[in-house]
Amino acid sequence: MIKKFIITGMLCLVATSINAQRKTLSLNLQPKEDTTVSPIVKEKVEEYAAKINTIIQEEKKLMESELLVLQAKNLDKVDFDKQKAQVADSYSEKIDQRIEALGFDLDTVIQKQVRYSLLNSDVASNEELKQKLMKKFRATKDFSGYFSYGIMTLTNDKPDNDLDKNLGYANNLEFGLKFNYQFSRTSPWGLISGLGFSWRTVRPDNNMVFAKQNGEVSLSKFEGSLDKSKLRTGYLMVPLGFQYNFSKLRNAGMDIQYRPYSDGFRVGANVYGGIKMSTNNIVKGNDQNFRDKSNYQVNPFVYGAQVTLSYDNISIFVKKDFSNFFKDSYFQNDKALVFGVALGW
């Protein structure tokens, strides 16, 4: 009887899948967008359900005929109910025997559905299943988008200059593509690289603005009411480093293990380099507004190092420039230090 209950449950699952067109089995090791019932499983179960229905209808007609004969005997209610129950039990046993004789292999059907749920395709052999699993759970080698935002300050080992004394809020906004290269299916180590676009914005405080005279850059007092003053520089950035993933090994079946590269807790360290794309000095006051994209002696090249702590899709990071923010003797030895958060890194 247990087997009959299991079969009945499977038939209900298939019927629900057909009528409601929704997922009924969740045997996936990883989420899939369109995993339903295997076409082979569906065909086998529907064929089996049709045969069971035929058997039931045939035996039901015979039982009804026999009950009509029994009813014609005009028995008292107690005897009629007793013989009616005996007839029903007899036909129930006959139905069970005929269903058993169909030889439906439930284990094989369940195995096919498990394989389909794993791979979203029917496979004919264990060897083919293993190949599919090895392909599905291979080492990660892909590009993923990221976005980061950080609070920036300027550090140096020399006496404070005009910028240090008048530095307001500064930030670093960056987005791009991160290249992930896991060394093997089970390796916790991976290479990280990519390409990003970074915008670094420095805002002077105390009503100061960046000014130029004869090519010389300095901070000067703005005459009047100042609403906005910021020097924004864009860089094209390339990181290169390594990532270590603390996730435990997972079992994909068929003695195949894998380690998720982008899930769980991870630590990354990388160096980076960048080349300047543009600089924009933006000033807005009550008397004058202007945007100047000329040369403000910002370093055309940057390089530094970054340490990142990540959990799933969220990261926190610290990055430190080894290059000066400005070139030559301008605001000497000021180097960017950024604390931030990132999505997708």
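Structural data are supplied above this passage.
Computed from a predicted structure; not experimentally measured.

Novice: Would you mind going over a positive patch on the surface in detail, with residue names and values included?
Specialist: A surface patch of positive charge is lined by Lys132, Lys135, Arg138 and Lys141. Exposure remark for Lys135: the relative accessible area of 59% places this residue in the exposed category.

Novice: An account of the nonpolar core is needed here, citing residue identities and associated values.
Specialist: Counting 28 residues, the largest nonpolar core has Met152, Leu163, Phe210, Val298, Phe325, Phe326 and Phe331 as its most contacted members. Sorting the residues of this core by element identifies strand E1 (141–155), strand E3 (189–204), strand E4 (208–213), strand E5 (216–221), strand E6 (226–245) and strand E13 (335–343) as the ones contributing at least two each. Among residues more than four places away in sequence, those in contact with Phe331 are Asn161, Asp162, Leu163, Phe210, Val217, Ser218, Leu219 and Phe326. Counting residues in hydrophobic clusters, the runner-up holds 6 residues, among them Leu129, Leu133, Phe137 and Ala252.

Novice: Talk me through the packing of aromatic side chains; I want residue IDs and the actual numbers.
Specialist: Under the criterion given, the structure shown has 16 aromatic pairs. Through successive ring pairs, a cluster of aromatic residues spans Phe143, Phe179, Tyr181, Phe183 and Phe242. Of note, Lys319 hangs over the ring of Tyr272, and the distance from its end group to the ring centre comes to 4.9 Å.

Novice: Which residues make up the pattern of salt bridges, and what values go with them?
Specialist: Under the definition given, this model contains 6 salt bridges. For Glu58, the salt bridge is made with Arg98, and the minimal N-O distance between the two is 2.8 Å. A residue pair is termed long-range when its members are at least 10 positions apart, and Glu58 in helix H2 (residues 39–71) and Arg98 in helix H3 (residues 77–101) qualify at 40 residues. A relative accessible area of 37% means that Glu58 is categorised as partly exposed. Here Arg98 makes a salt bridge to Glu59, at a shortest N to O gap of 2.9 Å. On the criterion of sequence distance, the pair formed by Arg98 in helix H3 and Glu59 in helix H2 is long-range, its members being 39 residues apart. One salt-bridge network, held together by shared partners, links Glu58, Glu59, Lys94 and Arg98.

Criteria and cut-off values
Residue positions are given per chain, counted from 1 along the sequence in the order it is written. Thresholds applied to this predicted model are a pLDDT of at least 70 for local features of residues and 80 or more for the giving and counting of side-chain atom pairs; totals over whole chains, interfaces and linings are not thresholded and use all residues. Here the side-chain values reflect all heavy atoms present in the structure, with hydrogen atoms and water set aside. Each patch groups residues whose relative accessible area exceeds 30% and which form no salt bridge, using 9 Å between like charges and 5 Å between nonpolar side chains of Val, Leu, Ile, Met, Phe, Trp and Tyr. Working definition of accessibility: Shrake-Rupley area with a 1.4 Å probe, residue cover restricted to the visible protein chains. By definition, a salt bridge exists where a carboxyl oxygen of Asp or Glu is found within 4 Å of a side-chain nitrogen of Lys or Arg. The charged-residue count follows a simple rule in which Lys and Arg add positive charge and Asp and Glu add negative charge, with His and chain termini not counted at all. For this purpose, a charge sits on NZ of Lys, CZ of Arg, CG of Asp or CD of Glu. Exposure classes here rest on a 1.4 Å probe applied to the protein chains alone. A residue is buried below 20% of its type maximum, exposed above 50%, and partly exposed in between. We define the nonpolar core as a collection of buried residues of types Ala, Val, Leu, Ile, Met, Phe, Trp, Tyr and Cys that are connected through side-chain atoms lying within 4.5 Å of one another. Secondary structure is summarised from DSSP: a helix means a run of H or I of at least four residues, a strand means a run of E of at least two, and numbering begins at the N terminus for each. Contacts were defined at the residue level, with two residues in contact if any of their heavy atoms lie within 4.5 Å. Only centres within 6.5 Å qualify two rings of Phe, Tyr or Trp (six-membered ring in Trp) as a pair; their planes then separate them into stacked at under 30 degrees, edge-to-face at over 60, and tilted for everything else. Here, over-ring charges are defined by two tests on the NZ atom of lysine or the CZ atom of arginine: distance to the ring centre within 6 Å, and angle to the ring normal within 35 degrees.

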